[in-house]
Amino acid sequence: MVFTVSEKGLELRKTVEEISGENIFKCYQCGKCSATCPVVDSMDMAPNKIIRLVQIGDLDVLEQNTFWVCAACFTCSARCPRSVDIAKIMEGLRNVKLRNRQDFINIYSKEFIEKLIEEIPQMAIVSAIKKGVW
Amino acid sequence: MVMDYPYYPGCTLKTTGKKDEEAALEVAKLLGFELKELPTWTCCGVVYNLTSDVMADHLSATRTLIRAQEMGRELNTNKLVTLCSMCYNVLKQVNLMYKNNPDKLKNVNLFMDTEEDYLGNIEILHFLEVLYNDIGPEKIREKVKTPLKGLKVDPYYGCMLLRPKTIAFDNQDAPHIMGDLLSALGATVIENPMTVECCGAHQIITNKNAVLSCVERIVTISQKKGSDVIVTPCPLCQYNLTTGQKALLEKGKINHMTPVIYLSELMRISLAENNENYLKDYSFIKDKLQERGGL
């Protein structure tokens with residue numbers, strides 16, 4: 001069977017590799033990242049599958065919540081046997097969305113403003129904004 | 001000889017993490033040195049930007065490094081101490097990025113032409129490193145006024161002090177520094193395999209359930225191991241573990257709450273000459289110590 005990747009898919013792969021500085025093909029799909037991820041149970045799709053979708057240029061990857069749920073705790077990056085910095089790839093995917101002005105958080109929404117009134121540490125608010133708003 | 005250190009607090013240490021700062025400044029004095037706050041400072045950036053092509057996100061951390069450079073000249077040191085795990089992580093990663101890429105350092109200096117040039121030689125330290133490497137558990141043991149005899153303590157590190165590997169100051173998978181310091185205070189240290197697991201971090205804003213499941217795993221094991229108190233150096237871990245437990249208790253996922261306090265708070269109780277004042281805020285510690293003959 002011949003497997004073809006769409007032009008947009010190729011472009012996505014290239015962009016993610018450029019932004020993250022990682023070689024996406026180093027991943028051999030062992031699944032260690034997914035096994036070790038502390039927030040995997042809140043994700044639509046496990047991290048190793050996300051990497052696979054980027055490898056084959058499947059644009060579906062951008063519709064998953066995985067990279068927004070990622071807390072950038074670096075556990076996957078620390079434990080990957082192929083030294084793929086998965087946290088950087090997640091940042092790459094977040095940036096593909098953000099650079100197309102598709103923010104994850106609406107900082108003007110009532111829901112978000114209410115959070116500011118709660119006693120949540122500023123560090124959490126700033127990191128959420130930095131990860132989810134262009 | 002122990003010297004004074006330039007100290008960068010960061011936003012959270014002035015608000016929800018105030019207890020940590022108050023206690024740490026006092027602990028430093030009790031151990032014979034001072035943390036001198038930078039006269040002016042800005043946000044550190046909180047999370048290190050992981051992209052390869054964005055420089056603007058590193059500017060706030062760079063400004064902090066320049067402030068440290070200025071103060072370092074007065075105090076004759078190139079060190080900068082942080083109390084917050086995330087400040088430590090981002091400052092150290094940005095600093096390292098400049099060390100590994102002199103071109104980027106040159107660029108940023110050209111860009112920030114209202115500031116003096118950053119020379120790239122500031123050394124970022126976390127307060128724990130100062131306590132462990134510069135003071136040492138032995139010296140701390142000598143200064144203990146109230147041994148925390150019988151208090152079962154679970155040291156919880158979280159992510160930001162140990163990952164990525166390039167910035168870790170302790171063993172990434174089996175860290176021992178906090179445990180050694182707590183043993184020096186006379187406490188019994190519990191080994192929790194979840195000690196380097198993530199607490200869910202900023203997901204508390206957008207995905208509280210993710211945080212709750214992290215907290216549940218960490219706390220359930222800690223409680224099974226019989227800990228009286230969880231000790232952490234990070235203000236966000238402290239917040240997530242505390243509010244997370246409240247929510248879990250309401251849902252009936254756990255049957256009691258384990259107090260989560262800063263390492264500095266526990267150290268102050270143990271090192272202070274007259275700790276009655278402090279102990280009254282921590283009745284659970286007082287009870288345990290009395291119960292097990294520590295007081």
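Starting afresh in each chain, residues are numbered from 1 along the sequence in its written order. For this description, chains carry letters from A and ligands carry numbers from 1, given in the order in which they are written. Under the rules for a predicted model, residues below a pLDDT of 70 receive no local features and side-chain atom pairs below 80 are neither given nor counted, while totals for whole chains, interfaces and linings still include all residues. In computing side-chain properties, one takes all heavy atoms of the structure into account and sets aside hydrogens as well as water.

## Some points on the interface of chain B and chain A
Using the following cut-off: Between two residues, a contact is recorded if the distance between any of their heavy atoms is within 4.5 Å. What counts as buried area is the accessible surface, traced by a 1.4 Å probe, that two parts surrender upon association, with contributions from both included. Salt bridges, as used here, are contacts in which a Lys or Arg side-chain nitrogen is within 4 Å of a carboxyl oxygen on Asp or Glu. As used in this structure description, the phrase polar contact means that two N or O atoms lie within 3.5 Å; if the pair is within protein, one of them must be able to donate a hydrogen and the other to accept it, and residues adjacent in sequence are counted only when both atoms belong to side chains. In this text, helices come from DSSP runs of H or I with a minimum length of four residues, and strands from runs of E with a minimum of two, each type numbered from the N-terminal end. Residues are grouped as follows: Ala, Val, Leu, Ile, Met, Phe, Trp, Tyr, Cys and Pro are nonpolar; Asp, Glu, Lys and Arg are charged; all remaining types, including Gly, are polar.
Contacts between the two partners involve 44 residues from chain B, matched on the other side by 40 residues from chain A. Across the interface of chain B and chain A, roughly 3,400 Å² is buried in total on both sides, 63% from carbon and sulfur atoms. Among the residues of chain B in contact with chain A, Leu-50, His-202 and Ile-205 of chain B are the three that bury the most area, contributing 22% of the side total. Where chain B meets chain A, there are 4 salt bridges. Our count for the chain B to chain A interface comes out at 15 residue pairs in polar contact (both at pLDDT 80 or more). Considering every element that reaches the side of chain B that touches chain A, the biggest residue donor is helix α9 (residues 208–224) of chain B, with 5 residues. Of the residues in the side of chain B that touches chain A, the class split is 22 nonpolar, 16 polar and 6 charged.

## A look at the sheet that holds strand β6 (residues 188–189) of chain B
All names here are of chain B. Rules: When DSSP finds at least two bridges between two strands, those strands are taken to pair.
Spatially, 4 strands are ordered β6-β5-β7-β8 in an open sheet, and the strand pairing comes out parallel. Every interior strand has two partners, whereas the edge strands, β6 and β8 (260–262), have only one. In this sheet, strand β7 (residues 229–232) lies alongside strand β5 (residues 152–155) in parallel orientation, the contact comprising 3 bridges. The residue bridging Asp-154 from the neighbouring strand is Ile-230, located in β7.

Read these as geometric descriptors, not functional statements.
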